[in-house]
Amino acid sequence: MPELPEVETIVRELRESVCGKEISKIEAPWRKAVKPALNVAARILKGSKVEDVMRRGKFIIFILNKNVRLVVHLRMTGRLLWRVEQGRAKFIRVILRFADGSSLYFSDVRRFGRVWVYPVEVYKKATGISKLGVEPLDLDWESFKGIFKGRRGILKHSLLRQDLLAGVGNIYADEICFRIGLHPLTRLEKLGNDQLRSLFKAIGECLRDGIEHCGASISDFVGTKGTIGQHQHYLRVYGRKGKPCYSCSNLIKKTVVAGRGTFFCPSCQPILKK
DNA sequence: CCGGGCCTGCGG
DNA sequence: CCGCAGGCCCGG
């Protein structure tokens, strides 16, 4: 459930805390979390120093010297933590040990998350980063139009497609649809130029708001020091089934779109016809 | 385009 | 105690 704003929050914290550190060892209490096999990953990592930390979509990329990249995807319940609470040690899947004695823990209750270690020449292919679409926050209106104008498909489904736009997940997709006043099932091809333009603006606004509030701690998200975000207090529809719409006071409904729980206001978000 | 698989905790 | 939660991959 960490989406672009939550991942960005983590990356900003890491950039302040991990740069310059030398990795002395990688451990994997759950070996399947690491690709390639742990001994291979360890050999590639040997003696690597962290030069920078970046984000691409929902991927976290550690730039290491000697042209090595360590990539993390948190999927649903993954966390990167400098300290793990008592009782949650059983969820630690991977540990990065540093030469200064500190350790960064990859904890993940549901084991969907992964850590990859690869040379710079192959890491994008090996992780799936090469298949990602554009970065929503680097996007200008002309490029956005190039991607979405004339495209067919369901609005919410298109927002969730990482090969079009990298980083939007279920929560922000619903928030974006609410912000432009369209039902998540609206077909893209029915959007006029003005609506496309407002969609473009809404994507940027929703994601930037999320970053400004250090992410939404809805179910699981915490920062690297265990601190929660604040954006859950600012969500307009997600998780608000049966509660009055902030805009019109009608009750928020929940349905399923693209296989995911989807919240919307039936009166503020009509399905666009024709 | 839909649904199952990966997984576990927790809500109903 | 069943089934839902959902990012992403894959197969039909």
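Everything here concerns the structure above.
First things first, this report covers the structure right here in the doc. (Residues numbered from 1 in each chain as written. Chains lettered and ligands numbered in written order. Predicted model: local features only at pLDDT ≥ 70, side-chain atom pairs only at ≥ 80, totals over all residues. Heavy atoms only, no water.)

**Topic: the protein's contact with DNA strand B**
Next, step 1: For DNA strand B, the full set of nearby residues is W30, K32, F91, V109, R110, R111 and F112.
Next, step 2: Within 4 Å of the protein, the atoms of DNA strand B are drawn from sugar and phosphate moieties in a proportion of 58%.
Next, step 3: A distance of 3.1 Å is found between a phosphate oxygen of DNA strand B and a side-chain nitrogen or oxygen belonging to K32.
Next, step 4: Between a phosphate oxygen of DNA strand B and a side-chain N or O atom of R111, the distance comes to 2.5 Å.
Next, step 5: When grouped by side-chain class, the residues that make up the surface near DNA strand B number 4 nonpolar, no polar and 3 charged. (Near = heavy atom within 4 Å. Polar contact = N/O pair within 3.5 Å; in protein donor to acceptor, adjacent residues only side chain to side chain. Nonpolar A, V, L, I, M, F, W, Y, C, P; charged D, E, K, R; others polar.)

**Digging into the sheet that holds strand 4 (residues 59-64)**
Next, step 1: Spatially, 2-9-5-4-3 is the arrangement adopted by the 5 strands of the open sheet, whose pairing is mixed. Strands at the two margins of the open sheet, each flanked by one partner only, are strand 2 (34-35) and strand 3 (50-56).
Next, step 2: Judged from the 2 bridges that link them, strand 2 and strand 9 (residues 114-119) form a sheet pairing that is parallel. Bridge pairing in strand 9 links V34 to V115.
Next, step 3: Sheet contacts for helix 1 (residues 4-17): strand 3 and strand 4; angle to strand 3, the most-contacted strand, approximately 170°.
Next, step 4: Packed on one face of the sheet, helix 2 (residues 38-45) meets strand 2, strand 4, strand 5 (68-73) and strand 9 and runs near 50° to strand 9. (Pairing = 2+ DSSP bridges. Helix = DSSP H or I, 4+ residues; strand = E, 2+ residues; numbered from the N terminus. Contact = heavy atoms within 4.5 Å. Axes fitted to C-alpha atoms, helices over the stretch in contact; angles between N-to-C directions.)

**Some details on the protein's contact with DNA strand C**
Next, step 1: Around DNA strand C, the neighbouring residues are K58, H73, R75, M76, R110, F112, Q162, N170, Y238, K254, R260 and G261.
Next, step 2: In the interface set of DNA strand C, defined as its atoms within 4 Å of the protein, sugar plus phosphate atoms amount to 59%.
Next, step 3: Contacts to DNA strand C include R260, whose side-chain N or O atom sits 3.1 Å from a phosphate oxygen.
Next, step 4: Of the residues in the surface near DNA strand C, the class split is 3 nonpolar, 4 polar and 5 charged.

**Brief notes about the pairing of strand 5**
Next, step 1: Among the 6 residues that make up strand 5, 6 are buried, leaving the element largely enclosed by the rest of the structure.
Next, step 2: Of the strand pairs in this sheet, strand 4 and strand 5 are connected by 6 bridges, and their pairing is antiparallel. Across the sheet, F59 pairs through a bridge with H73, a residue of strand 5.
Next, step 3: Two successive antiparallel strands, strand 4 and strand 5, enclose a turn made up of 3 residues, where K66 displays a positive phi of approximately 60°.
Next, step 4: Of the pairings in the sheet, the one linking strand 5 to strand 9 comprises 6 bridges and is antiparallel in character. Residue pairing for strand 9: V71 is matched across the bridge by W116. (Buried < 20%, exposed > 50% of the residue type's maximum accessible area, 1.4 Å probe, protein only.)

**Here we look at the nonpolar core**
Next, step 1: Counting residues in each nonpolar core, the largest one holds 65 residues, and the members touching the most others are L14, I60, F62, L70, L80, L159 and L199.
Next, step 2: Of the residues forming this core, the biggest block, 8 residues, is contributed by helix 7 (residues 193-212).
Next, step 3: Setting aside residues up to four positions removed in sequence, I60 forms contacts with V7, I10, V11, L14, V53, M54, L70, V71, V72, L74 and L80.
Next, step 4: Core analysis: the next-biggest nonpolar cluster, separate from the first, contains 10 residues, I63, V71, W116 and Y118 among them. (Core = buried A, V, L, I, M, F, W, Y, C linked by side-chain atoms within 4.5 Å.)

**Comments concerning the environment of R208**
Next, step 1: With respect to the secondary-structure elements, R208 resides in helix 7.
Next, step 2: We classify R208 as partly exposed; its relative accessible area is 44%.
Next, step 3: Taking the C-alpha atoms as reference, R208 lies 9.5 Å from L4; in sequence the two are 204 residues apart.

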